[in-house]
Amino acid sequence: MSRRAFIKKTALTGLGLTAFGWLDSQAISFSQSLPKVNRKRIEDRIQALAKFGQDENGHGYRVAYTQGDIEGRKWFMDLMQKAGLNPRIDAGGNIIGNRAGKNPALKPIAFGSHIDMVPDGGNYDGTLGSLSALEAIEVLNENKITTEHPLEVIVFANEEGGLIGSKAMVGKLSKEGLEQISQSGLVMAEGIRAIGGDPEDIGLAERKKGDLHAWLELHIEQGGILDSENLQIGVVEGIVGILDCEITVEGFANHAGTTPMKLRKDAMLAASKLTVAVNEVINSFPGTQVGTVGKIEAFPGAYNVVPGKVNMGLEIRDLSFEKIEMLLGEIQKRAQAIAEETKTSITFRREPSFNLPALTDASVQLKIQEAAVALGLKTKHMQSGAGHDTQQISLIAPVGMIFVPSVGGISHSPNEFTKAEDMENGANVLLHTILALDQQGE
């Protein structure tokens, strides 16, 4: 059967199950005969890449711009070269490999992720999406399938340090961003230079809106929803916006033994009440929004001194920018009441790093859903509570994300784990979604 006929059959099968709740045996049999990824190859490469940056105790430290990152990137580029992708490094440090399509006038379909990690992180975050992108290319090579569109595999640089590579690609990496200190200890500009980028001409990395036909990213969920509900595939509807605020509570520092309770202006008491209020406000509205007080520091910080000042860190996440603003407003109202009650002052300062919510493209979501259904996989439409490079690329292209389960919902930890079967499922959905998108015109 031709590739075009295969895509049509897959789409109809997916729609049949979605609309009517059944999947005929002929369609299942057909799906089983389609090109599939090599599970063992993905699993072996996950373990091979994990060795780069690993210490003598087996803990991972492939932090962006470190020696482990540099060596891991070289290993990955060697694999890309063998797959015929002729990889290059752009000005932002992103690795880009190209595969020609039948029609060079069409815009590329791009897919990939990142391979840098947080300190003492896990082996699947980012890595699975990058290796599965390479796997998709190799399956196409082995089955002698040439797509209509050109294809691009992209491995973004320093995702964990603030989506640095993808920000460069969409023209959002500022001069101030280049001057920040990275987790490696290098200034971002120095780090980009260390991995082969060109921070002096960072604008050369920029892609314009319409340069890509679509972008896809396969990723571990990093939460426990799919695992707890025994589902194989998450169809991501969007990536949450993240608002961070620095909150300062000011009271009056005084002797803890001689200052009566009713005369105190205790900044820590006010901060504690505000922490509880954040939880109450977030839970008082329907939805999947989250709010966290994740940092707190009291001054002067002594047993025998009533705290005169407290610094707090507040974070709010949701798919709706308007909802984030509404929740912050409600928290600020509660803060004003708490300040009056405790005879303190409470001020809010927004951090400049606010990430707007990014919705995935509805038509790309449908293609992912159809591919998963044709493969006999159970799906759930869901949001991403973590940030991803897809968030930036949504500014220039239609985007889609595919989630696979994280065992126990654990991520950013050495205990992060995704089963080989789930990796295989996700990579197959990625491959078949690419082929489905290839049937679309410009």
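Per chain, residue numbering runs from 1 following the sequence as it is written. Per-residue local features are limited, in this predicted model, to residues with pLDDT of at least 70; the limit for side-chain atom pairs, both in listing and counting, is 80 or more; totals at the level of whole chains, interfaces and linings are taken over all residues. Note that water and hydrogens are dropped before the side-chain values are worked out from all heavy atoms of the structure.

1. Concerning the pattern of salt bridges
Moving on, step 1. The rule for a salt bridge is simple: a side-chain nitrogen of Lys or Arg has to be within 4 Å of a carboxyl oxygen of Asp or Glu. Summed over all chains, the structure comprises 20 salt bridges.
Moving on, step 2. Notably, a salt bridge pairs Glu200 with Arg193, separated by 2.5 Å at the nearest N-O pair.
Moving on, step 3. According to the relative accessible area criterion, Glu200 is exposed, its value standing at 57%.
Moving on, step 4. For Arg193, a relative accessible area of 40% translates into the label partly exposed.
Moving on, step 5. One continuous salt-bridge network, built from bridges that share partners, spans Arg41, Arg45, Glu135, Glu138 and Glu142. Relative accessibility decides the category of a residue: with a 1.4 Å probe and only protein chains considered, values under 20% of the type maximum give buried, values over 50% give exposed, and everything between is partly exposed.

2. Focus on helix H10 (residues 267–283)
The α-helix winds at 3.6 residues per turn, so residues separated by three or four positions along the chain end up facing the same way.
Moving on, step 1. Strands here are runs of E lasting at least two residues and helices are runs of H or I lasting at least four, both read from the DSSP assignment and numbered beginning at the N terminus. By this rule, a helix spans an expected 1.5 Å times one less than how many residues it contains. Relative to the 24 Å expected for 17 residues at 1.5 Å per residue, H10 spans 25 Å between its end C-alpha atoms, a close match to the ideal helical length.
Moving on, step 2. Residues of H10 that are buried: Ala267, Ala270, Ala271, Leu274, Ala277, Val278, Val281 and Ile282. Along the axis of H10, the buried positions cluster into a sector of 120 degrees, meaning they face one direction only.
Moving on, step 3. Between N or O atoms, a polar contact is any pair within 3.5 Å; within protein, one atom must be a potential hydrogen donor and the other a potential acceptor, and residues adjacent in sequence are included only when both atoms are from side chains. The residue sitting at the N-terminus of H10 and contributing the capping side-chain oxygen is Asp266; that oxygen lies 2.9 Å from the backbone nitrogen of Met268. The directions from the helix axis to the C-beta atoms are what the arc is built from.

3. Regarding unusual backbone geometry
Excluding glycine, a negative phi dihedral is what most residues carry, and trans is how most peptide bonds are arranged.
Moving on, step 1. At the junction of Phe299 and Pro300, the peptide bond is cis and its omega measures out at 5 degrees in the coordinates.
Moving on, step 2. Mapping Pro300 onto the fold places it in the loop between strand E9 (290–299) and strand E10 (305–306).
Moving on, step 3. Backbone geometry at Asp120 places phi at a positive 55 degrees, although glycine is not the residue there.
Moving on, step 4. In this structure, Asp120 sits in the loop between strand E3 (109–114) and helix H5 (127–142).
Moving on, step 5. Under the relative-accessibility criterion, Asp120 is labelled partly exposed at 31%.
Moving on, step 6. Although it is not a glycine, Asn158 sits at a positive phi angle of roughly 45 degrees.
Moving on, step 7. Within the secondary structure, Asn158 sits in the loop between strand E4 (151–156) and helix H6 (164–169).
Moving on, step 8. For Asn158, a relative accessible area of 5% corresponds to the buried category.

4. Details of the packing of aromatic side chains
Moving on, step 1. Any Phe, Tyr or Trp ring, taking Trp's six-membered ring, that has another such ring centre within 6.5 Å forms a pair; planes under 30 degrees apart are called stacked, those over 60 apart edge-to-face, and the others tilted. The final tally for this structure, using the stated rule, is four aromatic pairs.
Moving on, step 2. On the basis of an interplanar angle of 90 degrees and a centroid distance of 5.7 Å, the ring pair of Tyr124 and Phe417 is categorised as edge-to-face. Note that Tyr124 is positioned in the loop between E3 and H5 and Phe417 in the loop between strand E15 (399–404) and helix H14 (420–437), a separation of 293 residues in sequence.
Moving on, step 3. The exposure class assigned to Tyr124 is buried, which follows from its relative accessible area of 6%.
Moving on, step 4. The interplanar angle of 65 degrees and the centroid separation of 5.4 Å between the aromatic rings of Phe156 and Trp215 together place this pair among those described as edge-to-face. Taken as a pair, Phe156 in strand E4 and Trp215 in strand E5 (residues 214–220) lie far apart in primary sequence, 59 residues in all.
Moving on, step 5. Given a relative accessible area of 2%, Phe156 falls into the buried group.
Moving on, step 6. Put simply, the rings of Phe52, Trp75 and Phe76 touch in pairs and so form one group of aromatic residues.
Moving on, step 7. Distance and angle both matter: a charge sits over a ring if NZ of Lys or CZ of Arg is within 6 Å of the ring centre and within 35 degrees of the ring normal. When the ring centre of Phe299 is taken as origin, the NZ or CZ atom of Lys309, which lies over that ring, is 5.9 Å away.

5. Quick word on the environment of Arg334
Moving on, step 1. Positionally, Arg334 belongs in helix H11 (residues 321–342).
Moving on, step 2. Distance from Arg334 to Val278, taken between C-alpha atoms, is 8.5 Å for residues 56 residues apart in sequence.

6. Structural notes on the nonpolar core
Moving on, step 1. Buried Ala, Val, Leu, Ile, Met, Phe, Trp, Tyr and Cys residues that are joined via side-chain atoms within 4.5 Å together make up what is termed a nonpolar core. In this structure, Phe76, Phe111, Leu128, Leu216, Ile233 and Val429 are the most contacted members of the largest nonpolar core, which totals 52 residues.
Moving on, step 2. Top element by residues in this core is H14. It accounts for nine residues.
Moving on, step 3. The next biggest cluster of nonpolar side chains, apart from the first, holds 24 residues, and it includes Cys245, Ile247, Leu314 and Ile338.

7. Regarding the confidence of the model for the protein chain
Moving on, step 1. On average, residues of the protein chain score 92 in pLDDT, and 92% of them are at 70 or above.
Moving on, step 2. This model gives residues 1–30 a pLDDT under 50, and the stretch forms 45 contacts once residues within four places in sequence are excluded. A residue's pLDDT is the predictor's confidence in that residue, given on a scale from 0 to 100. Contact between two residues is taken to exist if any of their heavy atoms lie within 4.5 Å; hydrogens are not considered.

8. Focus on the side chain of Arg41
Moving on, step 1. Mapped onto the fold, Arg41 is located in helix H3 (residues 39–50).
Moving on, step 2. Setting aside chain neighbours within four positions, we find Arg41 in contact with Glu135, Glu138, Val139 and Glu142.

9. A short note on the sheet that holds E9
Moving on, step 1. Two strands are said to pair when DSSP picks up at least two bridges between them. One open sheet accounts for four strands, arranged E9-E11-E7-E12; its pairing is antiparallel. Lying at the two open borders of the sheet, with one neighbouring strand each, are E9 and strand E12 (345–350). Each adjacent strand pair in this sheet contributes to an overall mean axis angle of 20 degrees, direction not counted.
Moving on, step 2. Looking at chain direction, E9 and strand E11 (residues 309–318) are connected through nine bridges and run antiparallel. Within E11, the position partnered with Ile296 by the bridge is Met312.
Moving on, step 3. An axis is simply a line fitted to the C-alpha atoms; with a helix, the fit covers only the stretch in contact. Between two such axes, the angle follows the N-to-C directions and lies from 0 to 180 degrees. Here H10 sits on the sheet in contact with strand E7 (241–250), E9, E11 and E12, set at roughly 10 degrees to E11.
Moving on, step 4. Where H11 meets the sheet, it contacts E7, E11 and E12, and its direction lies at approximately 160 degrees from that of E12.

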